[in-house]
Amino acid sequence: MLLTISTTHQPATDLGYLLHKHPDRVQEFTQSHGTAHVFYPESHEHRCTAALLLEIDPQSLLRTRKSVSSPDFALAQYVNDRPFAASSLFAVALGDVFRTALKGRCTARPELPDRRLPLTLSLPAVPCRGGPEYARRLFEPLGWQVRTEPVPLDPGLPDWGDSRYVGLTLTGEHRLADALSHLYVLLPVLDGAKHYWVDDDEIEKLLRAGEGWLAGHPERAGITRRYLSRRNRLFRVAIARLAEVDDLDPGADDGGETPAITEEAPDKPPALAEQRAGAVLAALKAANARSVLDLGCGPGKLVGRLLDDPQFTQVTGVDVSQAAIQFAHDRLRVETMPAAQRSRLTLLTGSVVYRDDRFAGHDAAVLMEVIEHIDPSRLPAMEQVVFGRAAPRAVVVTTPNAEYNALYEGLDHDAMRHTDHRFEWDRARFESWAREVAATYGYQVRFLPVGHEDPQHGASTQMGVFHR
Amino acid sequence: MTHSTEPAPAGPPPVLSIPETGLVLLVGISGSGKSTFAAQHFKPTQVIASDYCRGLVSDDENDQGASTDAFALLHYIVNTRLRRGLLTVVDATNVQRKAREQLVRIAKDNDVLCSAIVLDVTETVARHRNKARTDRDFGDHVIARQRRDLRSNLRRLDKEGIRKVHILRGPEEISAATIALEKSWNDKRHLTGPFDIIGDVHGCRAELESLLTELGYRIESDPSGRAVGARHPEGRTAVFVGDLVDRGPDTPGVLRLAMGMIDSGDALCVSGNHEQKLARSLKGRKVRVSHGLAESLEQLAAQDDDFQRRATAFCDGLISHYVLDGGDLVVAHAGLKEEYHGRSSGRVRSFALYGDTTGETDEYGLPVRLPWAEQYRGRATVVYGHTPVPKAEWVNNTICLDTGCVFGGRLTALRYPEREIVDVAAEHTWYEPTRPFLDPGDSAPATGTVRDPGLLGISDLPAGADGADHPGGAVETAFGRVRVPGQNALAALEVMSRFAVDPRWLLYLPPTMAPAPTSADPALLERPAEALSYYRGEGVDRVVCQEKHMGSRAVAVVCRDEHAAARRFVPGTLGTVYTRTGRPFFRDPGTESAVLAELRSAITAAGLWAELDTDWLALDGELLPWSAKAAGLIRDQYASVGAAGRAALPAAQGVLRAAADRGLDVAALAGRVDRRLDGIEAFSAVYRRYTWDTDGPAGLRYAPFMVLAAEGADFSGRDHLWHMSVAERLAEAAPMVLPTRYLAVDTTDLHEADSADSWWRGLVSTGGEGMVVKPLGGPLTKGRKNLVQPGLKVRGPEYLRIIYGPDYLDPERLATLRDRRLGRKSGLALSEHKLGVESLARHARGEPLWRVHEPVFGALALESEPVDPRL
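The model shown is predicted, which means the values in this text are computed figures rather than measured ones.

A. Spotlight on the overall build of chain B. Looking only at helices and strands, chain B has 26 helices and 35 strands in total. Since a compact globule built from 871 residues should have a radius of gyration of about 29 Å, the 36 Å found for chain B marks it as more spread out than a globular shape. In terms of overall dimensions, chain B has C-alpha extents of about 125 × 80 × 55 Å along its principal axes. Buried positions account for 52% of the 871 residues belonging to chain B. Across chain B, contacts joining residues at least 24 apart in sequence account for 72% of those joining residues at least 6 apart.

Next comes the structure, spelled out in structure tokens:
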């Protein structure tokens, strides 16, 4: 909510010209989400400080929502840090109130904007995902001296440690326009929170503002990614709502989109996901499967590969998430698919723990990286549905090999590769499970490694191919 | 039967008997009077005329060019009606064999009987009638051809699969004829019992006599001491599921007793496969003498001729299944799927006698059967035998009573409608089974099928959950139908599949709760007066105000031992604690079992197992602290807001002071910043109260406020004083259990209303969340129309800071917030409540899992409905 800009340039009061704001006045600027105030807590020849204070009207944040079905219709937005934190909303106000200064124009003192001035920028509460270190990585390459002040989460709960906010003070010699544009672009990057009310146009504007310095910034990729990750996820609304009912983070169940690590073998390409799909295809061909059921098809990557191969005359993709099925439908361009190909494809919303007659009549079923997303207590239901009821001639199951995790840098001991994984099995555990399932339902099973194979830890992915 | 074209000689007017639910073909040339006849004897909706269908598809009832489409439509309608079990009359000429064949096929596909009524008039009559009609202009040659077609195969109609053929000759006979609708042989819906259904006897006469005695029947004997009948003093009826004969020591004795009971109206019997085969053999057909048939033949050969004749006729005349008790009970030897109830066809009989066989045989040479019972979803209870099982157990409202008496097991009966099992042990192993049947330690029945009533199907869920673009389904509850939109069902499918506990635990999901109507006092959003006035307006005089604990909702299902868990829930467990959306409450199994252990010992100490006659108990309550489950939320959401405010606001105060010192006019702004900081401090104080350290079970408190269910019992009918008293007894027994303070209030007494207000103010001024006002009579309390809200929450003004924001008490903010729409929330709360009590009732009645799951799933689906989350 607050930014102070101080300079010791002589005369310091030139700051008023640069900002186009008179040091002896208190000015108000109406914003879409409240009121911005600009005033000068100090104004001398040797030192001058301007303050931008943004008062956010919480009610205005609500008014922008279009309907009760939009994702911001969640409890989180009624109690949020926007009124206090220097977030993307603050950046928007900054861009508006100091528009002329950002452009580097000053009609009264045309030579001033190009002068590098000794500046100190101070923000008492900057939401900083990635910690103070990340703030330094963003600002230091631009020539700022960075000082961060930790903000405790709650003095009444001392054990809870520090909050995600820091007090941020930047000191350095810069053109004022550049200094403002650094904040304008990087504050939202530091924030990284979801701001459904910032639309894509704003993002475009922010990126344009980075011209001249963003391209050469060492963290360029991360900066860009954080913008892209803020795309809204409208289709998850109903699921988010159910998480919220349970006092969970509404985004928690979007686990499907946030792997803990990038699952790449140390020896790099082809990507593990590619190799996995390839190995599954090979197993299906070896089984001479013509109709294939892809359970947990997600966005339909394997389904697409199966459709490319005329051996597979009937491909059924199933996912428990209707959003995933919709996404697969769009990604595979089902609407414009040639009729012959389309007639080979069926996409279904369904669940592997509910018996489903639509699963019957396939030569083979695939559970590619699916079982580890099922609670162990529900595995028997899945086994009955797939092996007992759908009972195709062949079933191909892939799952991570926990032993291999040791080779992933940045993955803690005992951690799993994905936040939604309910378990990751070592080879012995997977094989004993698979043998038991095979014995119960009258299958034979063989095992194959997928991806880079380490002599000690085995392959990254393990695969079981069941036959009956 | 004469086949002359002359009018039949005058006789008594013909009475045509027609199966009540079958297909009737009217057969006759154009102008024979079919439509007139149909209109006289059947309802307009029962008659499907080809002319009418022709009109529907072409706007011209006589457009012969539209016949193909018209008949396709006619067949569709006929098929739909027959599938739904409706009597259907086809008004078309039906003179060609090919036309009839298709209709006969449709009747067979729907397992109903087909009959024909032939209206046989002369060409002269027909021609004359057609001439009188302006809309028919086809030539005489058409009628001549039709009549040729008709006459050419009139005599062979009954060879075409038409069960009954009635031929009416000439206009007089046609107009004199009357129709008598006859019930199907298997339709005994008018018999309402009570019944004692008896499993496969297989010649075990001594055991049968013991069982009948055990059931309370008095056995009647003939002079030589042989049992020839049995009668229950209270007029109960025995029903044999078939397989009275073969294998055992005294098939004639069993037949004598059973036949006597049936003759005197004391028993019914359906045919078993063994009776069928025995009858064939006795009638001299060549059958393979195996599976104990030899014993029967030998024993019967020792009987006199008269008895042999009677036994043959008896076995031969048995019906393959009965529909009893208004359609609520079906008895068939090998069971019967719902589509076949009350139907008649070869495959229905075959199913009833042999089960749903695949045609394959297993390693013992016995037929492989499909687990039809597991997929059974019908309303009627199906009782059967045929396949020996170690123990009679309910599977989806079906039960197999063949407990292998002849193999040394037991002879079992089911009392209906009491649903009690009565059985006696076999006196010997009379016959060695082909396949080991009582394998100790192996609880899986040796039926060649895996029975798992715990497996749910996608088709068990409300429509739309399967992703078919569907507006949604509905759940029927005792308090009305609750609609479940398809989109919500999809969300529930994902959450149920990915996150929920084993569905066998989910006997109930707590409904959402509406707040009291917005306070008339402009300084508050909620207060007790409006909640009391709501109940008063509904005609409810007594309510209970309960302290509202701020924690997380938790349903605890506590089993006394593993045996209870295995029988009623999930084997190898002792209970579970789950959240509002059916997720496991605890990630750590150790914490869960410690919490369950403490609750279990509290239930034991309070003496509730015996008092409630149960070995498990389900409680609904609040688990504290809030931080136990919501630590992440408190940290990321609430504490973070506090942190940001405490960092930014004092800094703002600092620069504003400096600006003021310079003489700038920032007083108004500074005042607002000061107020915001006060708001933030008050806000942080709220969530801190609901936060304390826990370590596993240490530090956790559970505040139960309702006893949901126990074995065979659903406590939604009990009043809240009872529920509170149970909670108090549990709290006395275990330190983990937190009692709930409460106050009973008469809504019509304003003094009591005042004391409720003071009581509430006392709770909220010391940091409480507030209270819940409930109808004292309990969750099933009805108001003016239907159920009233099971509770209304009245939250305190400080607590609401974490809901509406730290500054919501600013007068202008509050004025805006007071305009809140409660209708949707209240509607959802009631709908979910109906689903909740429905699932408890179904569970208590011992209904199958899919029936309990349906309303539970519906409640989860409704929770995904968009509604203002602050309410």
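That was the structure; now back to the text.
B. Structural view of the domain arrangement of chain B. Residue and element names in this part refer to chain B. By the assigned domains, chain B splits into domain 1 (15-182), domain 2 (187-425) and domain 3 (627-689). For domain 1 versus domain 2, the distance between C-alpha centres works out to 41 Å. Facing the four residues of domain 1 at the interface are six residues of domain 2.

C. View of the UniProt feature "domain: Methyltransferase" (unreviewed entry) in chain A. Per the UniProt annotation, the sites labelled "domain: Methyltransferase" (unreviewed entry) are residues 292-381 of chain A. For residues 292-381 of chain A, helix accounts for 28% and strand for 24%, while the C-alpha atoms at its two ends are 21 Å apart.

D. Summary view of the nonpolar core. Ranked by internal contacts, the top residues of the largest apolar core, which has 268 residues, are A:Leu94, A:Ala125, A:Val366 and A:Val396. In terms of residue count, the dominant contributor to this core is helix H19 (residues 626-661) of chain B (18 residues). With near-sequence residues (within four places) excluded, A:Ala125 lies in contact with A:Phe84, A:Ala85, A:Ala86, A:Val151, A:Tyr165, A:Gly167, B:Ala644, B:Ala647 and B:Ala648. Counting 70 residues, the second largest nonpolar core, distinct from the first, contains B:Tyr217, B:Leu278, B:Ala334 and B:Leu411.

E. Representation of the UniProt feature "domain: Polynucleotide kinase-phosphatase ligase" (unreviewed entry) in chain B. The sites that carry the UniProt feature "domain: Polynucleotide kinase-phosphatase ligase" (unreviewed entry) are, in the present numbering, residues 491-866 of chain B. As a span, residues 491-866 of chain B carries 49% helix and 15% strand, and end to end its C-alpha atoms are 12 Å apart.

F. The arrangement of the sheet that holds strand S35 (residues 792-795) of chain B in detail. Residues and elements named next belong to chain B. Spatially, S26-S35-S34-S27-S33 is the arrangement adopted by the five strands of the open sheet, whose pairing is mixed. Of all strands in the sheet, those bounded by a partner on one side alone are strand S26 (514-515) and strand S33 (742-746). Pairing of S26 with S35, which is carried by two bridges, proceeds in the parallel orientation. By the bridge assignment, Pro515 is partnered in S35 with Lys793. Strand contacts of helix H15 (residues 528-537): strand S27 (542-548), S33, strand S34 (770-775) and S35, with the helix running at about 10° to S34, the strand carrying the most contacts. Sitting on the sheet, helix H22 (residues 750-765) is in contact with S27, S33, S34 and S35, with an inclination near 155° to S33.

G. Geometry of the interface of chain B and chain A. Taken together, the 65 residues of chain B in the interface contact 66 residues of chain A. Looking at the side of chain B that touches chain A, the elements with two or more residues in it are strand S23 (456-457), helix H14 (486-499), H19, helix H20 (667-689), helix H23 (801-804) and helix H24 (811-817) of chain B. Top element by residues in the side of chain B that touches chain A is H19(B). It accounts for 23 residues. By residue class, the composition of the side of chain B that touches chain A is 31 nonpolar, 18 polar and 16 charged. In terms of strand pairing, strand S11 (residues 354-355) of chain A meets S23(B) through two bridges, oriented parallel. The residue of S23(B) that forms the bridge with A:Tyr354 is B:Leu456.

H. Representation of the environment of B:Gly235 in the model. Considering the arrangement of structural elements, one finds B:Gly235 in the loop between strand S11 (227-231) and strand S12 (237-240). Remark: the alpha-carbon pair of B:Gly235 and B:Ala39, spanning 196 residues in sequence, is separated by 44 Å.

I. Quick look at the packing of helix H3 (residues 88-97) of chain A against helix H6 (residues 176-191) of chain A. Residue and element names in this part refer to chain A. Between H3 and H6, the shortest axis-to-axis distance is 8 Å and the interhelical angle comes to 165°. The orientation of H3 relative to H6 falls into the category roughly antiparallel. The chirality of how H3 crosses H6 is left-handed. Residue-level contacts link Ser88, Phe90, Ala91, Leu94 and Gly95 of H3 to Leu180, Leu183, Tyr184, Leu187, Pro188 and Asp191 of H6. Across the contact of H3 with H6, the residue classes break down as eight nonpolar, two polar and one charged.

J. Representation of helix H5 (residues 131-139) of chain A within the structure. All names here are of chain A. When H5 is considered as a whole, its buried residues turn out to be Ala135, Leu138 and Phe139. Viewed along the axis of H5, the buried residues span an arc of 85°, placing them on a single side of the element. Buried-residue contacts for H5 involve strand S6 (145-152), strand S7 (162-174) and H6.

K. Broad picture of unusual backbone geometry. Here the residue pair A:Gln10 and A:Pro11 is connected by a cis peptide bond, since its omega of -10° sits within 30 degrees of zero. By the secondary structure assignment, A:Pro11 is in the loop between strand S1 (2-7) and helix H1 (14-19). Cis geometry marks the peptide bond from B:Tyr416 to B:Pro417, where omega comes out at 10°. With respect to the helices and strands, B:Pro417 occurs in the loop between strand S21 (410-416) and strand S22 (420-425). Of note in this structure, B:His202 is not a glycine but carries a positive phi near 50°. For B:His202, the position within the fold is in the loop between strand S9 (195-198) and helix H8 (205-214). C-beta crowding within 10 Å serves as the criterion here: with 31 such atoms nearby, B:His202 is assigned to the buried category.

L. Layout of helix H12 (residues 305-316) of chain B. Residues and elements named next belong to chain B. Here H12 contains 12 residues, and its C-alpha end-to-end distance of 16 Å stays within 8% of the 16 Å for a straight helix at 1.5 Å per residue. Among the residues of H12, those classed as buried are Ala311, Phe314 and Cys315. The arc that holds every buried residue of H12, seen down its axis, measures 90°, which confines them to one face. Exposed and oriented more than 90 degrees from the buried face of H12 are Asp305, Asp306 and Arg309.

M. Looking closely at the sheet that holds S12(B). All names here are of chain B. One open sheet holds the five strands; their spatial order is S13-S12-S9-S21-S22, and the pairing between them is mixed. Lying at the two open borders of the sheet, with one neighbouring strand each, are strand S13 (267-269) and S22. Strand after strand, the sheet turns through a mean of 20° between neighbouring axes, direction not considered. Pairing between S9 and S12: four bridges, direction parallel. Bridge pairing links Asp196 to Ala238 in S12. Sheet strands in contact with H8 are S9, S21 and S22, and its direction is about 145° off that of S22. Here helix H9 (residues 251-263) sits on the sheet in contact with S12 and S13, set at roughly 115° to S13.

N. Local environment of the confidence of the model for chain B. Residues and elements named next belong to chain B. Per-residue pLDDT for chain B averages 90, and the proportion of residues at 70 or more is 94%. Confidence drops under pLDDT 50 across residues 1-7; counting only partners more than four residues distant or on other chains, this segment forms five contacts. Considering only residues more than four positions removed or in separate chains, one finds that residues 439-451, a stretch of pLDDT under 50, has 20 contacts. Across the interface, the model reports ipTM at 0.83; the global pTM reads 0.76.

O. Inspection of the pairing of S22(B) at higher detail. Residue and element names in this part refer to chain B. Looking at chain direction, S21 and S22 are connected through six bridges and run antiparallel. Pairing of Arg415 across the sheet is with Glu420, part of S22. Between S21 and the antiparallel strand that follows it, S22, lie three residues; Arg419 among them carries a positive phi value of about 60°.

P. Inspection of the confidence of the model for chain A at higher detail. Residues and elements named next belong to chain A. Here chain A averages 84 in pLDDT, and 82% of its residues register 70 or above. Taken together, the stretch residues 229-236 has pLDDT below 50 and engages in 10 contacts with residues farther than four places along the chain or on a different chain. Within the model, pLDDT remains below 50 along residues 264-269, and this stretch shows nine contacts once partners closer than five positions in the same chain are excluded.

Q. Molecular detail of the packing of helix H5 (residues 123-132) of chain B against helix H6 (residues 140-153) of chain B. Residue and element names in this part refer to chain B. Contact pair H5 / H6: the axes reach a minimum separation of 10 Å and the direction vectors enclose 140°. Considering their axes alone, H5 and H6 lie oblique with respect to each other. In this structure, H5 meets H6 at a crossing whose hand is right-handed. Residue-level contacts link Glu123, Ala126 and Arg127 of H5 to Asp140, Ile143, Ala144 and Arg147 of H6. Looking at side-chain class alone, the contact of H5 with H6 contains three nonpolar, no polar and four charged residues.

R. Highlighting the pairing of strand S3 (residues 34-43) of chain A. Residues and elements named next belong to chain A. Of all 10 residues making up S3, eight are buried, and the element is well covered by its neighbours. By the bridge criterion, five bridges tie strand S2 (residues 27-31) to S3 in an arrangement that is antiparallel. Its bridge partner being in S3, Phe29 is matched across the sheet by Ala36. Counting the residues that bridge the hairpin from S2 to S3 gives two residues. Bridging between S3 and strand S4 (residues 48-56) involves eight bridges; their strand directions are antiparallel. Pairing of Glu42 across the sheet is with Thr49, part of S4. Adjacent in sequence and paired antiparallel, S3 and S4 are bridged by four residues.

So, how was this worked out
Residues numbered from 1 in each chain as written. Chains lettered and ligands numbered in written order. Predicted model: local features only at pLDDT ≥ 70, side-chain atom pairs only at ≥ 80, totals over all residues. Helix = DSSP H or I, 4+ residues; strand = E, 2+ residues; numbered from the N terminus. Rg over C-alpha atoms; globule rule 2.2 N^0.38 Å. Buried ≥ 20, exposed ≤ 12 C-beta atoms within 10 Å, placed from the backbone. Contact = placed C-beta atoms within 7 Å. Domains from an automatic or database assignment. UniProt positions renumbered as here; feature names shortened; annotations may be inferred. Core = buried A, V, L, I, M, F, W, Y, C linked by C-beta atoms within 7 Å. Pairing = 2+ DSSP bridges. Axes fitted to C-alpha atoms, helices over the stretch in contact; angles between N-to-C directions. Nonpolar A, V, L, I, M, F, W, Y, C, P; charged D, E, K, R; others polar. Parallel < 35°, antiparallel > 145°, perpendicular 65-115°, else oblique. Left-handed = near helix turned anticlockwise from the far one by under 90°. Arc of directions from axis to C-beta. Expected span 1.5 Å × (residues − 1). pLDDT = per-residue confidence, 0-100.

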